[in-house]
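Residues per chain, in single letters:
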Amino acid sequence: MQMKKNWNFMIDQGGTFTDVIALNPHQEIVSLKVLSNNRELNESSVFVGINKLMKDNQELANYPINSIKIGTTIATNALLERKGEKVLLCVTKGFKDNFVIGDQKRKDLFARHFTRKSNLYKDVIEIDERISKDGRILKKINKEKTRNTLKKFVKKGIKSISVVLINSFKFPVHEKTIKSIAKEVGFEFISCSYLITPTINYTTRGYTTLVDAYLNPLIKSYVKKITKKIKANEIAFMQSNGFLCEKNDFNGKNAIYSGPAGGVNAGIKIAKDNKIKKIIGFDMGGTSSDIWHYHNNIEKKLETKVSDITIKTPTLKIDSIAAGGGSIIKYENQRLVVGPESAGSYPGPACYRNNGPLTLTDCNLILGKISPINFPKYFGKNKDGNILKSHSEKKFKIILKKIKKEFPEYKNIHEIADAFIKVAVENMVSSIKKISIQKGHDIREHNLLIFGSASGQYCCQVADKLSINNILFHPLSSLLSAYGAGISDHGSIQQTSIEKNLNALNLKRSIEIVKKKITKKNI
């Protein structure tokens, strides 16, 4: 029986580049990188990448697409930049300020001035209701009053609502009532905490539900555009937990680490194929670096913090640092500073010819560690030219003048570029130590698995600093997160809180309760 010929795509849409790998109808691997944000093309980089690969293989362009598996940073970027949907937050009366106060933890405890990040919600309303911890209705919800209140916000143009009531993780009757009313009055996106994360702890449950409501419209719009424009037998999306899901199950709360999760799965497969048991994963792209640890088991965590928001959903244990090829370098307060800001794909580094700022990419170009000929050709007036070293040199000469006034020992731009690279390396090494040495692992016995388009420029310096002897460099290293999306399994992880004494009988009953909740999760 002859196999049906078709295309299979694996994609990682990052902050700077979108990586596309395809298994073409002849079962050959072809790949390319496209800019994630191309102002000249008002089209998703996913479409651009797929179309370009098929056009480059014109004789195979008429074959159908079997599968597309996608990892994306769209949710992470929207949360970091506060570019999600306007959300109405519904809380139990008396808890209006709960998600402003939060857990009161601050990054810099001794900072004299503390500036809060903007709230995820546009408006908040208090619902005069209350259910006790054992399920007794202490204050019944007024349906008519709630209906009239919600109608006002629909008229204001708010489409998304987040419902978080006290004790609803266990007794959700009032959340179900509000959900029904919200649907009736015209809310398009409804996130209820009893469905999103039915777990104890009102604050983290609330933040997670808020994130879901904040990002869902963006995610659903993204999914709709892709599924509507591309015909394929299967279109699946990577989740933060390391599993693929269908379009209906891809939502705000499980999309945060969609991109990096594919890289972890690919890295672990490579480790197993090479009979390697201990790995430090080092994924350095254009915008940030993702690092993780593996020692026979995949490490996961039950909650994560992104942009000061705690999200209570199972994710792969990935730490991100603001050090990518596009990390902006600057000289301020007599210090060489790298990041956390990134130049992104537009305007991009100075060498991208869009009058962008100096970045780590420019440093490596000046030092000869990047070959312009081998770099993707998406630059210049016609968007088909090389990066230009002269643009980087021009801006480096300006920064050199400033530095020489206070540090005359720096003689040329090469010394300055090298100094910025050393700062970046120290930042990366410090973060790797945090997830490994500080947790008791002797990483001298580990392999450093490098992937992402920028990791090869730094891996030897990072390995030397950590006394790691072996570096694992896969042929698809610069595209490994896309490859990981392609080899990942479908699945989901559910969570719930059960307040029982731990014994065999209660454990058995609890498992049955969880099974029933999974079955009914969409009711």
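Given the structure is predicted, the values throughout are model-derived calculations rather than measurements. (Residues numbered from 1 in each chain as written. Predicted model: local features only at pLDDT ≥ 70, side-chain atom pairs only at ≥ 80, totals over all residues. Heavy atoms only, no water.)

Quick word on empty space enclosed by the protein
- A full pass over the atoms with the stated rule returns two cavities of 30 Å³ or more.
- The volume enclosed by the second largest cavity comes to roughly 50 Å³.
- Of all elements in the fold, only α8 (258-273) and β14 (289-295) reach the threshold of two or more residues within the lining of the second largest cavity.
- Ranked by residues supplied to the lining of the second largest cavity, first place goes to β14 with three residues. (1 Å grid on protein atoms, 1.4 Å probe; cavity = no way out; pocket = protein on both sides within 12 Å on 5 of 7 lines; lining within 4 Å. Points joined across faces, edges and corners; volume = space filled by probe spheres on them. Helix = DSSP H or I, 4+ residues; strand = E, 2+ residues; numbered from the N terminus.)

Observations concerning a positive patch on the surface
- Residues K86, K122, K152 and K156 make up a contiguous surface patch of positive charge.
- With respect to the element layout, K156 can be found in the loop between α4 (143-155) and β9 (160-164). (Patch = residues over 30% accessible without salt bridge, like charges linked within 9 Å, V, L, I, M, F, W, Y side chains within 5 Å. Areas by Shrake-Rupley, 256 points an atom, 1.4 Å probe, with all protein chains shown as cover. Salt bridge = Lys/Arg side-chain N within 4 Å of Asp/Glu carboxyl O. Lys, Arg positive; Asp, Glu negative; His and termini not counted. Charge placed at Lys NZ, Arg CZ, Asp CG, Glu CD.)

Side note on unusual backbone geometry
- The phi angle at N333 is positive, at roughly 50 degrees, despite the residue not being glycine.
- Counting through the fold element by element, N333 comes out in the loop between β20 (327-332) and β21 (335-342).
- You can call N333 exposed: its relative accessible area is 67%.
- A positive phi angle, near 60 degrees, is found at N355, a position not held by glycine.
- Along the chain, N355 falls in the loop between β21 and α9 (360-366). (Buried < 20%, exposed > 50% of the residue type's maximum accessible area, 1.4 Å probe, protein only.)

Observations regarding the packing of α4 against helix α5 (residues 173-185)
- Running from N to C, α4 and α5 cross one another at 45 degrees; their axes reach a closest spacing of 9 Å. Judged by the angle between their axes, α4 and α5 are oblique. The crossing of α4 and α5 is right-handed. On the side of α4, the interface is formed by K143, T146, R147, L150, K151 and V154, while α5 contributes T177, I178, I181, A182, E184 and V185.
- Taken together, the residues that form the contact of α4 with α5 break down as six nonpolar, two polar and four charged. (Axes fitted to C-alpha atoms, helices over the stretch in contact; angles between N-to-C directions. Parallel < 35°, antiparallel > 145°, perpendicular 65-115°, else oblique. Left-handed = near helix turned anticlockwise from the far one by under 90°. Contact = heavy atoms within 4.5 Å. Nonpolar A, V, L, I, M, F, W, Y, C, P; charged D, E, K, R; others polar.)

Quick word on the sheet that holds strand β23 (residues 470-473)
- Taken together, the five strands give an open sheet; going across it, the order is β19-β14-β13-β22-β23, and neighbouring strands pair in mixed fashion. The sheet terminates laterally at β19 (319-321) and β23, the two strands that pair on one side only. Between one strand and the next, the sheet's axes are offset by a mean angle of 25 degrees, whatever the strand orientation.
- Pairing of strand β13 (residues 278-284) with strand β22 (residues 447-451) involves five bridges; the strand directions are parallel. Pairing of I280 across the sheet is with L448, part of β22.
- Where α8 meets the sheet, its contacts fall on β13, β14, β22 and β23, and the angle it forms with β14 comes to roughly 40 degrees. (Pairing = 2+ DSSP bridges.)

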